[in-house]
Amino acid sequence: MAGSGRKSTAFRSAEWFASSGKYGFVARSWMKSQGFGPELFDGRPVIGICNTWSELTPCNRHLRELAGHVKRGVLLAGGFPLEFPVMSLGEPLMRPTTMLFRNLVSMDVEETIRANPIDGVVLLAGCDKTTPALLMGAASCDIPTILVSGGPMLNGRFQGRDLGSGTDIFRFDDDFRTGKLSKDDYAAAEAAMSRSAGSCQTMGTASTMATLGEALGIALPMNGSIPAPDSRRQVLAEQSGKRIVDLVQNGHAISSIITRQAFENAVVVNGVIGGSTNAVIHLLALAGRLGVPFDLNDWDTLGRDLPCLLDLKPSGRFLMEEFFHAGGLPALMARIPDRLHLDAPTVDGVPIGDRLAHAQCYNDEVIRPVDNPVASQGGIIVLRGNLAPGGAVIKPSAASPDLMVHRGRALVFETADDFRAGIDDPDLDVDATTILVLKNAGPVGYPGMPEVGNLALPKKLLQQGVTDMVRISDGRMSGTAFGTVVLHVTPETAVGGPLAHLKTGDIVRLDAQSGTLDHEVPDDEMARRRTAWTPPEPAYDRGYGRMFINSVLQADQGVDFDFLIGSSGTPVSKLPF
Ligand code: FES
């Protein structure tokens, strides 16, 4: 029924707005206080616009405006758009880490959808954790869903060259600590890096998750790369508003789009874009909500031999704006059609292969041909061994090739605070072959698994010209970071994993080529240390922090809460009065 939506009691919102008697009176009357006319209550689908706008999340500061474009699309297609806020997660400000709150936001999304007359949802996300949190919440409701990302900010510019969020901060910080960069230049760079609305313009976690939204088929083409201020981002939002109405009318829930095939496509795409290691955790958690069989080993078997084809920081040279102008993800996917499930469904209503049919690459420097990759290994390598029996990960495209196989003496820091206090000590017993190890940065231990894994190098080694070392932790690292960094060691320190028992001076072997991570501590000595070990005191004894510690799963299971695995659908609940 063009223009007015399908009049049907099949939509769950009809339980509210088509209801007779006092319940329908209350639902309609109070909604009419916002100026909504009677046509909007004629049985058309109600589309929730789930918004993570917040001035505390600068990357998402334009999402209220973008919501207006989604609303226009919903209205054009005959739906009734209703915007609602959920808790937002901004990387630059939140402490101890946004990851502590990803699952909380997913609960906010899930319960808000289920408790209200919502038939389908458009998710407005941007900064790193907002995307997985919203997808996880929608997945546990299993309703029709489209992701609209805020898009990357414009390129930073400083002293005649491009600046990339995060990636260049790490370089500036090293230069500032060693006196190569003046205080004035440091301040000028700070003002030049983030000069528009949008998320980090490197291939960090935000850009990775927005791009993987495209690869999963749950976002429209070019969702990942259109810059935030570009008018085409607004058009994409409007088109998404139109599409969600169609998805509701045809009953296409999120689980019908994000299937096992979609996850396999996402792993492949993450490899060729040189995507963030954080995507490993987020997609495992999303698969858990959807009940899709997909685990840590899939990251290795599907992604290990992929070349990195996208020359973006932190793995390469360019930024998201160049990716967009080069043709975006469709052009990149068209480089590797034989590695993809081209028949995987999308929210466009056509197979994902259709997006590739007219895709063109306009810059081979940015989107490299398969025979000229940025790095021959672009995927995530999963490591296992007696130091990480549950697994660990390394991103080869961001690592130094000569350190991918390395044996060295461990220098162990018990906490991130110990590391910060001690790393620049001129008497630190460390050289370029040393392996820096950080404990207590896992899901339970920190808690929340912060992005502290790319440990800064000791100042005295930076002054000697050392640019990379092997670093190991049970934490994560920013998607904008780089280096030979082993992350997500499982089981983590705080639950008594082998990492808990490692000491300074122990020998550790990393062989990323064969996928192993081992210590050389004799078995009887390890057993002795295990017996003497006592778990650390929990960081929280009440509130959400306590619930997190008691319920969080390890990195190999996506750091979700044990009680949130799966979906509860959207049954309409009991009446409130
Ligand atoms: Fe928000 Fe990077 S800090 S996307």
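This report concerns the structure included in the present document. Predicted model, so just to flag it, every value in this text is computed and none were measured.

Right, let's talk about the environment of L134 for a bit. Tracing the sequence through the fold places L134 in helix 5 (residues 130–141). Look at L134 and you get buried, because its relative accessible area is 0%. When the C-alpha atoms of L134 and I113 are compared, they prove to be 11 Å apart, with 21 residues separating the residues in sequence. In contact with L134, not counting residues within four places along its chain, are C50, T52, V86, V105, V109, L123, L124 and A125.

The subject of this paragraph is helix 7 (residues 183–193). Looking at helix 7, one finds that the buried residues are A189, A192 and M193. Down the axis of helix 7, the sector holding all buried residues measures 90°, keeping them to one side. For helix 7, the exposed residues set more than 90 degrees away from the buried face come down to K183, D184, E190 and A191. Buried residues along helix 7 sit against strand 5 (156–158), strand 6 (161–163) and helix 6 (167–177).

Evaluated as defined, the whole model comprises 34 salt bridges. Between E451 and R476 there is a salt bridge, with its nearest N and O atoms 3.2 Å apart. Linking E451 in the loop between strand 10 (435–438) and helix 17 (459–463) with R476 in the loop between strand 11 (471–473) and strand 12 (485–490), this pair joins segments that are 25 residues apart in sequence. E451 sits in the partly exposed class, given a relative accessible area of 23%. A relative accessible area of 1% means that R476 is categorised as buried. D506 is paired through a salt bridge with R529; the nearest N and O atoms lie 2.7 Å apart. Placement of the pair is D506 in the loop between strand 12 and strand 13 (507–511) and R529 in helix 18 (residues 523–532), with a sequence separation of 23 residues. What makes D506 buried here is its relative accessible area of 10%. Given the relative accessible area of 11%, R529 is considered buried. A network of salt bridges, in which partner residues are shared, links E91, K129, E451 and R476.

Turning next to the sheet that holds strand 1 (residues 46–51). Taken in spatial order, the four strands make up an open sheet running 2-1-3-4, and their pairing is parallel. The two strands at the open ends of the sheet, each matched to only one other strand, are strand 2 (80–85) and strand 4 (145–149). Taking each pair of neighbouring strands and ignoring which way they run, the sheet shows an average axis angle of 20°. Across five bridges, strand 3 (residues 120–125) lies against strand 4 in parallel orientation. Counterpart to V122 in the pairing with strand 4 is I146. On top of the sheet, helix 9 (residues 231–249) reaches strand 1, strand 3 and strand 4; it is set at about 175° to strand 4, its chief contact.

Extensive coverage of strand 8 (residues 388–394) is indicated by the burial of six of its seven residues. Two strands pair when backbone bridges link them, and strand 7 (residues 381–385) and strand 8 are joined in this way by four bridges, in the antiparallel orientation. Residue pairing for strand 8: I381 is matched across the bridge by I394.

In this structure, the amide linkage connecting R95 to the following residue, P96, adopts the cis form with an omega of 5°. Mapped onto the fold, P96 is located in the loop between strand 2 and helix 4 (102–115). Note the cis peptide between Y446 and P447, where omega equals -5°. Here P447 is to be found in the loop between strand 10 and helix 17. Its identity is not glycine, yet M222 carries a phi of approximately 75°, on the positive side. With respect to the secondary-structure elements, M222 resides in the loop between helix 8 (205–215) and helix 9. Residues other than glycine seldom take positive phi values, yet V559 does so here, at roughly 60°.

Within the largest apolar cluster, 114 residues are counted, with the highest numbers of intra-cluster contacts made by I258, F263 and W299. Here this core takes nine residues from helix 12 (residues 278–290), the largest share from any one element. Apart from residues lying up to four places away in sequence, F263 is in contact with L216, I258, L283, L286, A287, L290, V292 and F294. Core analysis: the next-biggest nonpolar cluster, separate from the first, contains 23 residues, L387, V489, V508 and L517 among them.

Criteria and cut-off values
Residues numbered from 1 in each chain as written. Predicted model: local features only at pLDDT ≥ 70, side-chain atom pairs only at ≥ 80, totals over all residues. Heavy atoms only, no water. Helix = DSSP H or I, 4+ residues; strand = E, 2+ residues; numbered from the N terminus. Buried < 20%, exposed > 50% of the residue type's maximum accessible area, 1.4 Å probe, protein only. Contact = heavy atoms within 4.5 Å. Arc of directions from axis to C-beta. Salt bridge = Lys/Arg side-chain N within 4 Å of Asp/Glu carboxyl O. Pairing = 2+ DSSP bridges. Axes fitted to C-alpha atoms, helices over the stretch in contact; angles between N-to-C directions. Core = buried A, V, L, I, M, F, W, Y, C linked by side-chain atoms within 4.5 Å.

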